[in-house]
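# Observations on the three-dimensional arrangement
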Amino acid sequence: MKTSKKSNYGVTVKGKLFDTMIAHYLINPDMRHNMDILAETYLKYSPKSIETLIGKKGKNQISMRDVALEEIKEYAAEDADVTFQLKEIFTSELDKTETKKLFDEIEIPLVSVLADMETEGIRLDVEFLSIMSKEMDIEIKSLEQKIYESAGEKFNLASPKQLGDILFDKMKIGGVKQKKTKTGQYATGEEVLTYLANDNPIVKEILDWRQMVKLQSTYILALPEQVDKKTLRVHTDYMQTVAATGRLSSNNPNLQNIPIRTERGRQIRKAFVARDENHTLISADYSQIELRIIAALSGEENMIKAFQDGEDIHKATAAKVFNVPLDEVSREQRSNAKTVNFGIIYGVSAFGLSNQTSLSRSESAALIEAYYKTYPRLKSYISEQIEFAREKGYVQTILGRRRYLKDINSANAVVRSAAERNAVNAPIQGSAADVIKIAMINIHKKLKEENWKSKMLLQVHDELVFDVHNDELEKIQPMIKHEMENAFIMSVPLDVELGLGKDWLEAH
DNA sequence: GTATTCTGG
DNA sequence: TTCTACCAGAATACG
């Protein structure tokens, strides 16, 4: 959402909406959707660019309100004309691609839902982050000392190039043959360093340093700068036409990648708090939504039954694949089954699986074979998706959202395989996006029509975060759960887990 | 502007 | 024989 339905000047847009970017996003999500490109592509016409009026992006760019009316006139009229011409074309294209319903009933209603969420924003405990920042600074400085001492010199730790030269040319860590990036310098990514962590203590220190600097620069220092002066809250911008699968994306700031996986990182979530002492955050999370969708779409009875019986799906998978009783599944077996379950969604290969687990390539191949024996319909579903893509040139979600795969018949095996993985992944990821969008629209409607005080604040792909007035705490929980679990009925039940707390860490 | 790295689902 | 997981955004270095 670049433009919000409610402007900051008290004007509320009414009536039927049509948005050429959203329309084109449904017609072909992989392409660009800005008006200039659309006009060139569909009207063979290059409109007067906005930059000729306000200058290029940057500090010298002026505001449209400072441009003379006479100059604006031509631009504005052309803008309206081009938009209208595109609308005529896209209306028939939506019909042709059978995405009209998706447009009218999901994407367009979602516009005002997102506008309200963006306008609402979420409160940030700036004081908390400031304390965290000071503690982090001390740890970072101390690690830098240690690292420079071990390296025998000072250098720019943030430069992967300099770091690679120090570690591999000077210190000879891990022997002579080291992985290089495509530009020829040493690879120093997380994967490489973790592999070498036991060779020299400096490696672990660098990993720690990297993590802390990341947290400091991307979150702890950056988030407080994004607090709005008027509302004292952070207002993310949801992009509705960026992710080719149908997901939303979030920026300025991105609130869809706030840390959670490491202990140090997840502390940052304590900074996202309820609006005041009369409110509580509720986080509502779809449990395993993508696996449930692939189970339903494939009609794989063994997997469907596991979900219907409310089993731990990774454990249940392990029991079947390794042929052991449910209560004798080891931690490692469950972990490996979990990796394959996720791998299926991404288009698993023996190589990829062996990279993600401690298994060798042949063990991985054997595991995948046992997996398909357990869930035979999954294997045929994957083949059917690829076959569908080859014939039609696209795949689709449960709501008919399309993704075109131009490389599906490519002679280049690498390119073709990537398209085949997309043929499997896009309907799964995209259908999950469809489901949560339906839930968001329905919940937003209820909150408005029934005059709830509580607000929906955030969406993180399979999670919704609400700022709930304490008076409504008991009543809202079953409502949220019901709306999310019944957004789209399939042969597999959807399951939503709720959590509450004064901050996002406690709620999640 | 591109490459690398790392954060999330 | 090779070397790939799917979808994003942000910070930083470097040419």
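Check the entry above for the structure.
For the structure given in this document, a descriptive report is provided here.

Thresholds applied
- Residues numbered from 1 in each chain as written.
- Chains lettered and ligands numbered in written order.
- Predicted model: local features only at pLDDT ≥ 70, side-chain atom pairs only at ≥ 80, totals over all residues.
- Heavy atoms only, no water.
- Near = heavy atom within 4 Å.
- Polar contact = N/O pair within 3.5 Å; in protein donor to acceptor, adjacent residues only side chain to side chain.
- Helix = DSSP H or I, 4+ residues; strand = E, 2+ residues; numbered from the N terminus.
- Nonpolar A, V, L, I, M, F, W, Y, C, P; charged D, E, K, R; others polar.
- Pairing = 2+ DSSP bridges.
- Axes fitted to C-alpha atoms, helices over the stretch in contact; angles between N-to-C directions.
- Contact = heavy atoms within 4.5 Å.
- Core = buried A, V, L, I, M, F, W, Y, C linked by side-chain atoms within 4.5 Å.
- Buried < 20%, exposed > 50% of the residue type's maximum accessible area, 1.4 Å probe, protein only.
- Phe/Tyr/Trp six-rings, centres within 6.5 Å; stacked < 30°, edge-to-face > 60°.
- Salt bridge = Lys/Arg side-chain N within 4 Å of Asp/Glu carboxyl O.

Now for the protein's contact with DNA strand C. Neighbouring residues of DNA strand C: 33 residues in total, closest Ser159, Ala244, Asn252, Arg361 and Asn422. Across the atoms of DNA strand C situated within 4 Å of the protein, the share located in sugar and phosphate is 60%. Alanine 244 places a polar main-chain atom, nitrogen or oxygen, 2.9 Å from a phosphate oxygen of DNA strand C. One of the side-chain N or O atoms of asparagine 254 is found 2.9 Å from a sugar or linking oxygen in DNA strand C. Broken down by secondary-structure element, the contributors of at least two residues to the surface near DNA strand C are helix 9 (201-220), strand 4 (249-251), helix 15 (331-346), helix 16 (350-356) and helix 19 (413-449). Considering every element that reaches the surface near DNA strand C, the biggest residue donor is helix 19, with 4 residues. Looking at side-chain class alone, the surface near DNA strand C contains 8 nonpolar, 20 polar and 5 charged residues.

We now examine the sheet that holds strand 11 (residues 496-501). Spatial strand order, 9-10-6-11: 4 strands in an open sheet with antiparallel pairing. This sheet does not close on itself; its edge strands, each paired only once, are strand 9 (455-459) and strand 11. Direction aside, the axes of adjacent strands within the sheet are offset by 25° on average. With 7 bridges joining them, strand 6 (residues 279-286) and strand 10 (residues 463-469) adopt antiparallel strand pairing. The residue bridging histidine 279 from the neighbouring strand is histidine 469, located in strand 10. Of the strands in this sheet, strand 6, strand 10 and strand 11 touch helix 20 (residues 473-485), which is tilted by about 20° from strand 6.

Membership of the largest hydrophobic core comes to 134 residues, with the highest contact counts inside it found for Phe272, Tyr286, Met303, Met440 and Phe466. Per-element accounting of this core gives the leading share, 14 residues, to helix 19. Leu53, Val67, Ile72 and Tyr75 belong to the second largest nonpolar core, which has 5 residues in total.

This part covers the packing of aromatic side chains. Inspection of every chain in the model, using the stated rule, returns 9 aromatic pairs. Here the aromatic rings of phenylalanine 272 and tryptophan 504 are separated by 5.4 Å at their centres, their planes lie at 80°, and the arrangement is edge-to-face. Residue phenylalanine 272 is found in strand 5 (residues 272-273), and its partner tryptophan 504 is found in helix 21 (residues 504-507); the two are separated by 232 residues along the sequence. With centroids separated by 5.7 Å and ring planes inclined at 85°, the aromatic side chains of phenylalanine 388 and tyrosine 394 adopt a geometry described as edge-to-face. Of the residues examined, phenylalanine 388 reaches a relative accessible area of 25% and is grouped as partly exposed. Classification of tyrosine 394 by relative accessible area gives buried; the value is 10%.

DNA strand B sits among 23 residues. The nearest are Thr181, Glu190, Asn257, Ile260 and Arg261. The share of sugar and phosphate among atoms of DNA strand B within 4 Å of the protein is 82%. Between a base nitrogen of DNA strand B and a side-chain N or O atom of arginine 247, the distance comes to 3.1 Å. Broken down by element, the residue count for the surface near DNA strand B peaks at 4 residues, all from helix 9.

With that settled, consider the pattern of salt bridges. As enumerated under the stated definition, the model contains 29 salt bridges in all. Of the charged contacts, one joins aspartate 467 and arginine 233 as a salt bridge, the two residues approaching to 3.5 Å between their closest N and O atoms. A residue pair is termed long-range when its members are at least 10 positions apart, and aspartate 467 in strand 10 and arginine 233 in strand 2 (residues 233-234) qualify at 234 residues. Accessibility expressed as a relative area gives 1% for aspartate 467, which makes it buried. Among the ionic pairs, arginine 401 bridges to aspartate 434, the shortest N-O distance being 2.9 Å. Note that arginine 401 is positioned in the loop between strand 7 (394-396) and strand 8 (402-404) and aspartate 434 in helix 19, a separation of 33 residues in sequence. The exposure class of arginine 401 is buried, given its relative accessible area of 4%. Several salt bridges converge on common partners, so that one network encompasses Glu107, Arg401, Asp434 and Lys437.

Remember, this is a structural readout, not a statement about activity or role.
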